[in-house]
Amino acid sequence: MTEVQEVQPPNSEVPVTQSNSEPATGPSGKKRPGQEKKPEPAKKNRSLFSQIYGTLKKATQENESEPTEAVKKRREIDARIYGKINRDVNLVRRQEEAKRDRHSALRKEEELAIKDDV
């Protein structure tokens, strides 16, 4: 680390040079206020992570607990729409089956008519 030099009068008790790795001390040899309050970066990151995690956990619990009126309405509308879609799909499927049955019945009648003519 680079050293920082402070310009002081020659009779001062404050050290002339201080490195960033050593804590800053005042004339009485005690640490200056505010220097003790700085947390380590890893500890600070863990604290931030735990706060974010707690917020997200609370939000997911709120989403899972009781749906709001808008969510209830949306679910009811979705259920109605899916019900209509299923009915329509089943109707189309039955119509296609009936069409295939009619087509196969006509083919069989034509085959029988051809056999009778021979």
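Details of the structure are given in the entry above.
Computed from a prediction, not measured in an experiment: that's the story for all the values here.

What counts and how
- Here, residues in each chain are numbered from 1, in the same order as that chain's written sequence.
- In view of the model being predicted, local features appear only for residues whose pLDDT reaches at least 70, and side-chain atom pairs are presented and counted only at 80 or more, with totals across whole chains, interfaces and linings using the full set of residues.
- Hydrogens and water molecules were not included; the side-chain quantities draw on all heavy atoms of the structure.
- Note on aromatic contacts: the rings of Phe and Tyr and the six-membered ring of Trp form a pair at centre separations within 6.5 Å, being stacked when their planes are under 30 degrees apart, edge-to-face when over 60 apart, and tilted otherwise.
- Strands are runs of DSSP state E lasting at least 2 residues, helices are runs of H or I lasting at least 4, and numbering of each runs from the N terminus.
- For each residue, the accessible area found with a 1.4 Å probe, counting protein chains only, is set against the maximum for its type, and the residue is called buried under 20%, exposed over 50%, and partly exposed in between.
- Between Lys or Arg on one side and Asp or Glu on the other, a salt bridge is scored when a side-chain nitrogen of the former is within 4 Å of a carboxyl oxygen of the latter.
- To count toward a patch, a residue needs a relative accessible area above 30% and no salt bridge. Like charges then connect within 9 Å, nonpolar side chains (Val, Leu, Ile, Met, Phe, Trp, Tyr) within 5 Å.
- Only the protein chains shown count as cover for residues, with accessible areas throughout obtained via the Shrake-Rupley method and a probe of 1.4 Å.

**Q** Even after reading the chapter, I still don't get the packing of aromatic side chains, so can you show me in this structure?
**A** Ring pairs (aromatic) are described by centroid distance and by the angle formed between their planes. According to the stated counting rule, one finds 1 aromatic pair in the structure shown. Between F49 and Y53 the ring centres are 6.2 Å apart and the planes differ by 20°, which places this aromatic pair in the stacked class. Remark: Y53 and F49 occur in helix α1 (residues 41–65); sequence separation between them is 4 residues, near one turn of the helix. Residue classification places Y53 among the partly exposed residues on the basis of a relative accessible area of 48%.

**Q** What's the story with the pattern of salt bridges in this structure? I'm lost.
**A** Opposite charge on two side chains lets them pair, provided their charged atoms get close. Inspection of every chain in the model, using the stated rule, returns 1 salt bridge. Of the charged contacts, one joins K72 and E69 as a salt bridge, the two residues approaching to 3.9 Å between their closest N and O atoms. Here K72 pairs with E69, and both are found in helix α2 (residues 69–117), just 3 residues apart, close to one helical turn.

**Q** Help me understand a nonpolar patch on the surface, please; the structure alone is not making it clear to me.
**A** On the surface, I77, I81, Y82, I85 and V89 cluster together into a nonpolar patch covering about 450 Å² of accessible area. You can see I85 is positioned in helix α2.

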